[in-house]
Amino acid sequence: MEGTSSMLDAEAVADLVLLDPLTEESLVQTLQERFRRHDIYTYIGNVVISVNPYQALPIYTPEKVEEYHNCSFFAVKPHIYAIADDAYRSLRDRDRDQCILITGESGAGKTEASKLVMSYVAAVSSKGEEVNKVKEQLLQSNPVLEAFGNAKTVRNDNSSRFGKYMDIEFDFKGEPLGGVISNYLLEKSRIVRHVKGERNFHIFYQLLAGASPQLLQQLKLRQDCGHYGYLDRASSSLPGMDDAANFHAMQDAMRVIGFSPAEVTELLEVTAVVLKLGNIQLSSSFQASGMEACSITDPQELREICELIGLDPSTLEQALCTRTVKARDETVLTTLTVPQGYYGRDALAKNIYSRLFDWLVNRINTSIQVKSDEQRKVMGVLDIYGFEIFQDNGFEQFIINYCNEKLQQIFILMTLKEEQEEYVREGIQWTPVEFFDNSIICNLIENSTSGVLAMLDEECLRPGVVNEDTFLNKLNQLLAKHKHYESKETQNARHITDTSLPAHCFRIHHYAGKVTYNVTGFIEKNNDLLFRDLSQAMWASRHTLLRSLFPEGDPQKVSLKLPPTAGFQFKSSVAMLMKNLYSKNPNYIRCIKPNDTKSAMVFTPELVLAQVRYLGLMENVRVRRAGYAFRQLYGPFLQRYKMLNRRTWPRWDGGDREGVEVLMAGLAFPAEELAFGHTKIFIRSPRTLFDLEQQRQERVSQLATLIQKMFRGWRCRTQYQLMRKSQILISAWFRGHRQKNQYKQMKRSALVLQAYARGWKARRTYRKYFRSSASTRVSNFIYWGLVQRYLLGLAKNLPPLAVTDRTWPPAPYRFLDKTNQELKNIFYHWKCKKYRDQLPPSRRAQLQAKLCASELFKDKKTLYPKSLQQPFRGDYLGLKQNPKYQKLHAVAKDKLVMADTVRKVNRANGKTVPRLLLLTTEHLILADPKAAQPKTVLSISDIRGVSVTHFSDGFLALHLKEVSTVGAKGDFLLVSDHLIELVTRLHQTFEAISGQVLPLHITDRFSTHFLKGDMSITVVESPKAGTDGPVCKKKGSNKMEVLVH
Ligand SMILES: Nc1ncnc2c1ncn2[C@@H]1O[C@H](COP(=O)(O)OP(=O)(O)OP(=O)(O)O)[C@@H](O)[C@H]1O
Ligand SMILES: [Mg+2]
């Protein structure tokens, strides 16, 4: 194994814990030897030491990523990938939030290391469209932030001028979901001033070199760096850095992150404004009052700025050259001197840029933030500006070094102090290791009452004359006796002549070396004030982005409260960062800078030794060697490794500690490798842990095989049982089905056999008993069969019951003809009877009358067929209803049979007169139609007979008995429109009274008896007859001719 062999290589041990002998010299030598072999990474336990090679090494290829992926930390060569992999796996598998702390001085390779960690995590986490997009966005945040936040310094061509802490958030599967970036104090003084040989932020050079002519024109910029006051022509381009290409890369990155083209344009416009502000020149003039004032020398640049941001040039001019001062309730406009004007201009440029940077970080955060609210695991990567010592160190260096001091403190706390304290707490035998605890320096800076930052804040807020001298005096007074504080004054007091310490300076003995800070600018930078007129002018612009950067410029929101100082803000954000880091499992990458010339493969031992010292690497190794590489609470430890011992697997019923002891006893590690604390087990060397992990992995894969085996067995068994059950069920059903079919077939056969046997038996019996009279019986049987079929057939197909329907089916056999005819008659009569029975009495009487009429007149009188259609209505006068006939109605009473109008033929002249005729059950009454009075009342029994003609006329002669009273006058000759009905009803009434048939003569010649003697009447058919009825003509005294037609 590559890693293992190099571990044991005495000349260049991969883990400095194995170094023998352990001296500063051997340590540096080992680092140098490894560096020479291009092994730039070395471990101290699980801390990675990285020496900047200043050249591209082939150790970051995808194959390398694959090699380190899921590999045990100690099984491979030391690499930044190994620590990244360890942290990622611990996060994914052990559910522990991680942080990777990358420390080292400026140019030591922190930013490169952080990018390597991020790209490794991105490469090994799972792939998928959404995940890849997230990863791309996270990675692409680097070129954007580097363009705006990095600059060339004397120590590093790509020096981070801001602190960056990035939380990468993962889901439970270890897939990146997004992230959050926090930025710390951008070195904004660089905007307006930088040391010779250094550069302003990259973005300005990138913009001028990479922007197309159209874009430059749109931003009102010129490509020439020398044209801009804030830039430096000499270092406009850097060897090995292609600003134009970087500009395009940055634009692409912005697109990937999700910046809209409008946002990019706005961002570049604001950047151009910062650059152009540096070109605004002021010149002094004197006002009429004799006061010095300043004015814009060349308004062209100002006009262009205002065009870019949509602002009235006079507003900006006024804000740059004057200042509104509030004195009591009055506001006074005072003019500014030229230095004051430049101060305001620079403050504005710095403020715009630093706020723009904050906006940029927030905008990136908006894109990369996690959208879902599922549970997350976090890996934080801290890449903050490294410890730096310049010729002239200002407020920024002070802040940067304070931050590094805090990081060193965290390192000391977590690796040296805490570790040793833990041994004591856990009751492990321990010889304390001496180390330098830098809390005293941290305290010197951050103590809230006597710390340098607190003093500075106090000075900034104090009324009265305040300047750097008063601040320094205060420090000298308060910190005169502090071991890590020096100044000219304190040195003098100690009678030490120190020419390297000028006035206006103080010196702090940092963990990494002594740094002399020049107090000039401390107060101003800490106050970080911007004239209100300028922020109001910015707010007044129509440029959305720029306006949003200056919310305090809104005149509605004017606040008299002073904003928190830069030092205060930084201190609190560092405190928050520390809290965040403490809550996570730390992983360290300690970067070392091998030379001061940025040269490839040059190793300056003195320089490295200084870093080894202040990084406390020796102490780190010592503690590591004396101490234990790994510790864990008994519970989780037992849980993780219990499968390595039969007694603890699968369940241990005793206490956790006993369980761990039993477990480890079974594993036969050397006794000195283990220590049992009160709550934790300690394992001395990483190798033992590595062995333990390896055994666990083997055992886990054995167990996995066992589980797989059991599961597969179980699955096959259950599947087999299921199949068996199904098979039994299917065969049961099949057998049942077969048996059922067989049974049915047998049953059918048995029935056939039975039928045959029974038939045979019956035939035999039949033959025995009926052989003698067989033929008669058979013929009778057939005969009755036929008759039965005929009758049943008739019964089923009886003809309709309508009396007019005379259909009847023919007889199927001749021998049934008579019967059929008989049945037809019976059926017809029965049908008629049935019809009659259901008739109401009135209808029955009517039909009886019709029948009677038929018997009397059918085929005898031509009028008869006409009468068939007319119903016999009886009362044609409406006696009851008509009041005129009231008297007649009274006479007839209930006995009325018929009432009609007739015409009576005058016996003397043959003329006719109308009369009303009433036939009752007893009488026949003739009445005068006008008076409606009865004129003649005849008893029915007095009627002797009736004569009518053959023709279709209504003429009739009523012959009376001569004995009757009325009969004395003689017979009546009448003409009726309802002759048939009248005669029929008369006939019926007569029969009812006398029980005899009324003699009816249908003749054309008959004689009548009148008072004056008998008269012979001859009926003649003649066309001369009137349409109203027959015409009677007297022919002599005893003859009358009746003309009818
Ligand atoms: N692993 C590496 N391989 C090759 N070159 C490297 C490596 N690490 C760093 N460098 C080189 O060193 C230079 C400085 O590194 P980097 O910017 O990471 O330093 P830094 O520690 O972040 O400094 P600062 O504190 O100033 O930001 C890089 O620009 C690169 O050229
Ligand atoms: Mg950096």
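First, a word on scope: everything that follows refers to the structure included in this document. Keep in mind that what you see is a predicted model, and the values were worked out from it rather than measured.

Check the secondary structure of the protein and you find 33 helices and 31 strands. Relative to the globule expectation of 31 Å for 1045 residues, the C-alpha radius of gyration of the protein, 69 Å, shows a markedly less compact shape. The principal-axis extent of the C-alpha atoms belonging to the protein is close to 200 × 115 × 50 Å. Out of the 1045 residues belonging to the protein, those deemed buried represent 49%.

The subject of this paragraph is the coordination of the magnesium ion (ligand 2). Tetrahedral metal sites with four donors have an ideal angle of 109.5 degrees; octahedral sites with six donors have ideal angles of 90 or 180 degrees. Every protein donor of the magnesium ion (ligand 2) is listed here as Thr111 (OG1) and Ser160 (OG), and their distances to the metal cover 1.9 to 2.1 Å. Taken together, the positions of Thr111 in helix H5 (residues 110–124) and Ser160 in strand S5 (residues 159–160) put the pair 49 residues apart, joining distant regions of the chain. Here Thr111 and Ser160 have matching classes, each one buried.

What follows concerns a positive patch on the surface. A cluster of basic residues, Arg758, Lys761, Arg763, Arg764, Arg767 and Lys768, forms a positive patch on the protein surface. Relative to the assigned elements, Arg758 resides in helix H27 (residues 686–770).

Below, the discussion takes up the packing of aromatic side chains. Within this structure, the stated rule accounts for 32 aromatic pairs. Centroid distance Tyr88 to Phe170: 5.6 Å. Interplanar angle 55 degrees. Geometry classified as tilted. Separated by 82 residues along the polypeptide, Tyr88 in helix H4 (residues 80–93) and Phe170 in strand S6 (residues 163–170) bring together distant segments of the chain. Using a relative accessible area of 2% as the deciding quantity, one classes Tyr88 as buried. Residue Phe170 is classed as buried on the basis of its relative accessible area of 0%. Through pairs of rings, three or more aromatic residues link up here, namely Phe395, Phe398, Phe471, Tyr485, Phe506, Tyr517 and Phe522.

On to the site of ligand 1, then. Not every one of the 19 residues close to ligand 1 is listed here, only the nearest: Ser106, Lys110, Thr111, Ser159 and Ser160. Between ligand 1 and Lys110 there is a distance of 2.7 Å, counted from an oxygen atom to a side-chain nitrogen or oxygen. The fraction of the free accessible surface of ligand 1 (630 Å²) that becomes covered by protein chains is 86%. Listing elements by their share of the shell around ligand 1, those giving two or more residues are H5 and S5. Top element by residues in the shell around ligand 1 is H5. It accounts for three residues.

Next up on the list: the pattern of salt bridges. Per the counting criterion, the structure on display carries 46 salt bridges. With its nearest N and O atoms 2.9 Å apart, the salt bridge here joins Glu33 to Arg37. Under the relative-accessibility criterion, Glu33 is labelled buried at 14%. Where Lys474 meets Glu458, a salt bridge forms, and the shortest distance between an N and an O atom there is 2.6 Å.

When strand S22 (residues 923–928) meets strand S23 (residues 933–939), the two strands line up antiparallel, connected through six bridges. Residue pairing across strands places Asp928 opposite Gln933, the latter belonging to S23. Between S22 and the antiparallel strand that follows it, S23, lie four residues; Ala932 among them carries a positive phi value of about 55 degrees.

For the rest of this paragraph, the subject is the sheet that holds strand S20 (residues 896–905). Taken in spatial order, the eight strands make up an open sheet running S23-S22-S21-S20-S26-S25-S24-S27, and their pairing is mixed. Single-partner strands in this sheet number two, and they are S23 and strand S27 (1000–1002). With direction set aside, neighbouring strand axes in the sheet form an average angle of 30 degrees. Sheet analysis places strand S24 (residues 943–948) next to S27, joined by three bridges and oriented parallel. In the sheet register, Val948 faces S27, and the bridge partner there is Ile1002.

Quick look at the packing of helix H11 (residues 299–309) against helix H12 (residues 313–321) now. A packed helix pair is summarised by two numbers, namely the angle formed by the two axes and the spacing between the axes. Axis separation between H11 and H12 bottoms out at 9 Å; the angle between their running directions is 120 degrees. The orientation of H11 with respect to H12, classified from their angle, is oblique. Where H11 crosses over H12, the handedness of that crossing is right-handed. Contact with H11, carried on its side by Leu302, Arg303, Ile305 and Cys306, involves Pro313, Leu316, Glu317 and Leu320 of H12 and no other residues of that element.

Below, the discussion takes up the packing of helix H10 (residues 261–277) against helix H13 (residues 338–368). Here H10 crosses H13 at 160 degrees, and the two axes come no closer than 9 Å. By the angle class used here, H10 and H13 are roughly antiparallel. In the crossing of H10 with H13, the sense of the turn from one axis to the other is left-handed. Counting all contacts with H10, which are made through Glu263, Leu267, Val270, Thr271, Val273, Val274 and Leu277, the residues of H13 involved are Arg345, Leu348, Ala349, Ile352, Tyr353, Leu356, Trp359, Leu360 and Arg363. A per-class count over the contact of H10 with H13 returns 12 nonpolar, one polar and three charged.

What counts, and where the lines are drawn
- Residues numbered from 1 in each chain as written.
- Chains lettered and ligands numbered in written order.
- Predicted model: local features only at pLDDT ≥ 70, side-chain atom pairs only at ≥ 80, totals over all residues.
- Heavy atoms only, no water.
- Helix = DSSP H or I, 4+ residues; strand = E, 2+ residues; numbered from the N terminus.
- Rg over C-alpha atoms; globule rule 2.2 N^0.38 Å.
- Buried < 20%, exposed > 50% of the residue type's maximum accessible area, 1.4 Å probe, protein only.
- Donors = N, O, S within 2.8 Å, 3.2 Å for Na, K, Ca; no water.
- Patch = residues over 30% accessible without salt bridge, like charges linked within 9 Å, V, L, I, M, F, W, Y side chains within 5 Å.
- Areas by Shrake-Rupley, 256 points an atom, 1.4 Å probe, with all protein chains shown as cover.
- Salt bridge = Lys/Arg side-chain N within 4 Å of Asp/Glu carboxyl O.
- Lys, Arg positive; Asp, Glu negative; His and termini not counted.
- Charge placed at Lys NZ, Arg CZ, Asp CG, Glu CD.
- Phe/Tyr/Trp six-rings, centres within 6.5 Å; stacked < 30°, edge-to-face > 60°.
- Near = heavy atom within 4 Å.
- Polar contact = N/O pair within 3.5 Å; in protein donor to acceptor, adjacent residues only side chain to side chain.
- Pairing = 2+ DSSP bridges.
- Axes fitted to C-alpha atoms, helices over the stretch in contact; angles between N-to-C directions.
- Parallel < 35°, antiparallel > 145°, perpendicular 65-115°, else oblique.
- Left-handed = near helix turned anticlockwise from the far one by under 90°.
- Contact = heavy atoms within 4.5 Å.
- Nonpolar A, V, L, I, M, F, W, Y, C, P; charged D, E, K, R; others polar.

Note that every value here comes from positions in space, so none of it alone points to a role or purpose.
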